[in-house]
Amino acid sequence: MSALKNPKKNLLKWYKTHGRHELPWRNSDDIYHIYLSEIMLQQTQVNRVRDEYYPQFLEKFPSLHVLAQAEQDEVLGAWSGLGYYSRARNLHACAKLMPKGLPQSQEELLKLPGIGRYTASAICSFGHNQNIAVVDTNIARVIKRFFALLNPADKTIWHYASDFVNEKDPRHHNLALMDLGSLICLPNKPKCQECPLFKECQGQDEPELYTQTKKKEYKSLELFYGVYIKNNQIALQVSKERMYKDMLILPSVDPIEENFLGKFRHSYTKYRLSVHLYKIDVLEDDIVWVDIGKLENAPISSLTKKAHKFFYLA
Ligand code: SF4
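This one's a predicted model, so the numbers in the text were calculated from it and none came from an experiment. (Residues numbered from 1 in each chain as written. Predicted model: local features only at pLDDT ≥ 70, side-chain atom pairs only at ≥ 80, totals over all residues. Heavy atoms only, no water.)

1. A look at the site of the ligand
Within the structure, the ligand sits among Arg145, Ile184, Cys185, Pro190, Cys192, Cys195, Phe198, Cys201 and Pro207. In terms of residue class, the shell around the ligand is made up of eight nonpolar, no polar and one charged. (Near = heavy atom within 4 Å. Nonpolar A, V, L, I, M, F, W, Y, C, P; charged D, E, K, R; others polar.)

The following block contains the structure:
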């Protein structure tokens, strides 16, 4: 692939000037910091991770060792509001398995809970500068367009991305591709005239053709929760639902018309939820009382936070 020498060179040159060098995890060689950022970034916008969750989480759990010693509730509490809580549970499980540090090979990383091909390769590339491809949504879009791949299978995209890696500087090559997808090779109306790959890009005539996406399918769900507040404490329960496993949620109730307080809508992953709230004064045995003032740090979801706020505004 010597024909790719120039685009690789141009890509690195572009990255030097336009890359997002200010992101804190890019200025760290601590593998735990890189791993944490990759897990958080999987489903959350960069700004929220950079400004809120990443610094707060690291303040509480500055190393894998400290994280390994924490209780799961504390970890879920620090993750509260970020969603996709299995990420926090897996992170905690990894810390317990590897409190002294993560393995350096992709093969070993893939054996750990919650670490898939993307995360393993990101740790190997960004943390250890290994000669390995990284493919996230942004990079996949660039690769599909640059090589004009029509409906390729995932393994085909990984194959092309691997051939394209710049062995002289794999870490910056992958970061550059990621930023190019995020800043220039946009899903709609890519800025091809500003792109360092423009000259060699095989998909530039019709870039959208190579990245048509299927419409997301959503699922509607009705949820019925009870609200009971006493002595400035709120009654919650440990969730057994898959969606919020091990988090504290409001107790589920059977709807009784005269106790109805109101309803609101909430989106969570593929679910579009309609949440109905009811006043209750009889409780099951498995209630956990939480001080209202400590709700912010409790392992609760944004749905429960929203319900609590809604209750006061209703
Ligand atoms: S030239 Fe256009 S389509 Fe090709 S990689 Fe650059 S931005 Fe994407």
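On we go from here.
2. Thoughts on the domain arrangement of the protein
The domains assigned to the protein are domain 1 (2-211) and domain 2 (219-313). A separation of 35 Å is found between the C-alpha centroids of domain 1 and domain 2. Carbon and sulfur atoms supply 51% of the area buried between domain 1 and domain 2, which totals about 940 Å² over both sides. One can count zero salt bridges joining domain 1 with domain 2. Along the contact surface separating domain 1 from domain 2 lie five residue pairs in polar contact (both at pLDDT 80 or more). Looking at the side of domain 1 that touches domain 2, its residues break down into three nonpolar, five polar and three charged. (Domains from an automatic or database assignment. Buried area = accessible area lost by both parts, 1.4 Å probe. Salt bridge = Lys/Arg side-chain N within 4 Å of Asp/Glu carboxyl O. Polar contact = N/O pair within 3.5 Å; in protein donor to acceptor, adjacent residues only side chain to side chain.)

3. Quick notes on helix H11 (residues 170-183)
The end-to-end C-alpha distance of H11, which contains 14 residues, comes to 20 Å, matching closely the 20 Å that a straight helix rising 1.5 Å per residue would cover. Buried within H11 are the following residues: Pro170, Arg171, His173, Asn174, Leu175, Ala176, Leu177, Met178, Asp179, Leu180 and Gly181. Buried residues in H11 make contact with helix H1 (5-18), helix H8 (117-128), helix H9 (137-146) and helix H10 (154-164). (Helix = DSSP H or I, 4+ residues; strand = E, 2+ residues; numbered from the N terminus. Expected span 1.5 Å × (residues − 1). Buried < 20%, exposed > 50% of the residue type's maximum accessible area, 1.4 Å probe, protein only. Contact = heavy atoms within 4.5 Å.)

4. As for the nonpolar core
Looking at soluble globular proteins, one finds that nonpolar side chains tend to be buried together. Membership of the largest hydrophobic core comes to 60 residues, with the highest contact counts inside it found for Tyr35, Met40, Phe57, Trp79 and Tyr244. The element contributing the most residues to this core is helix H2 (residues 31-41), with six residues. A domain split of this core shows at least three residues from each of domain 1 (2-211) and domain 2 (219-313). Look past the residues within four positions of Met40 in its chain and what remains in contact with it is Val49, Tyr53, Tyr54, Phe57, Trp79, Leu82 and Arg87. If you look at the next biggest cluster of nonpolar residues, it comprises 33 residues, including Val134, Trp158, Val165 and Cys201. (Core = buried A, V, L, I, M, F, W, Y, C linked by side-chain atoms within 4.5 Å.)

5. Thoughts on the sheet that holds strand E5 (residues 260-268)
Where strands meet in a sheet, backbone hydrogen bonds hold them as pairs that are either parallel or antiparallel. Reading across the sheet, the three strands line up as E1-E6-E5 and stay open at both edges, with mixed pairing between neighbours. Two strands bound the open sheet, and with one partner strand each, they are strand E1 (219-227) and E5. For this sheet the average axis-to-axis angle between neighbouring strands, irrespective of direction, equals 20°. With nine bridges joining them, E1 and strand E6 (residues 271-279) adopt parallel strand pairing. Counted as the bridge partner of Lys219 is Tyr271 from E6. (Pairing = 2+ DSSP bridges. Axes fitted to C-alpha atoms, helices over the stretch in contact; angles between N-to-C directions.)

6. A few points about the packing of aromatic side chains
In this structure the tally under the stated criterion is 13 aromatic pairs. Ring geometry for Trp25 versus Tyr54: centroids 5.0 Å apart, planes at 75°, classification edge-to-face. Of this pair, Trp25 sits in the loop between H1 and H2 while Tyr54 sits in helix H3 (residues 46-60), placing them 29 residues apart in sequence. Take Trp25 and Tyr54: they sit in the same class, and that class is buried. Through a chain of ring-to-ring contacts, three or more aromatic side chains come together here, namely Tyr84, Tyr85, Tyr244 and Tyr268. The side chain of Arg117 reaches across the aromatic face of Trp158, ending 3.9 Å from its centre. Its end group placed over the ring of Tyr218, Arg272 keeps NZ or CZ at 3.8 Å from the ring centre. (Phe/Tyr/Trp six-rings, centres within 6.5 Å; stacked < 30°, edge-to-face > 60°. Lys NZ or Arg CZ within 6 Å of the ring centre and 35° of its normal.)

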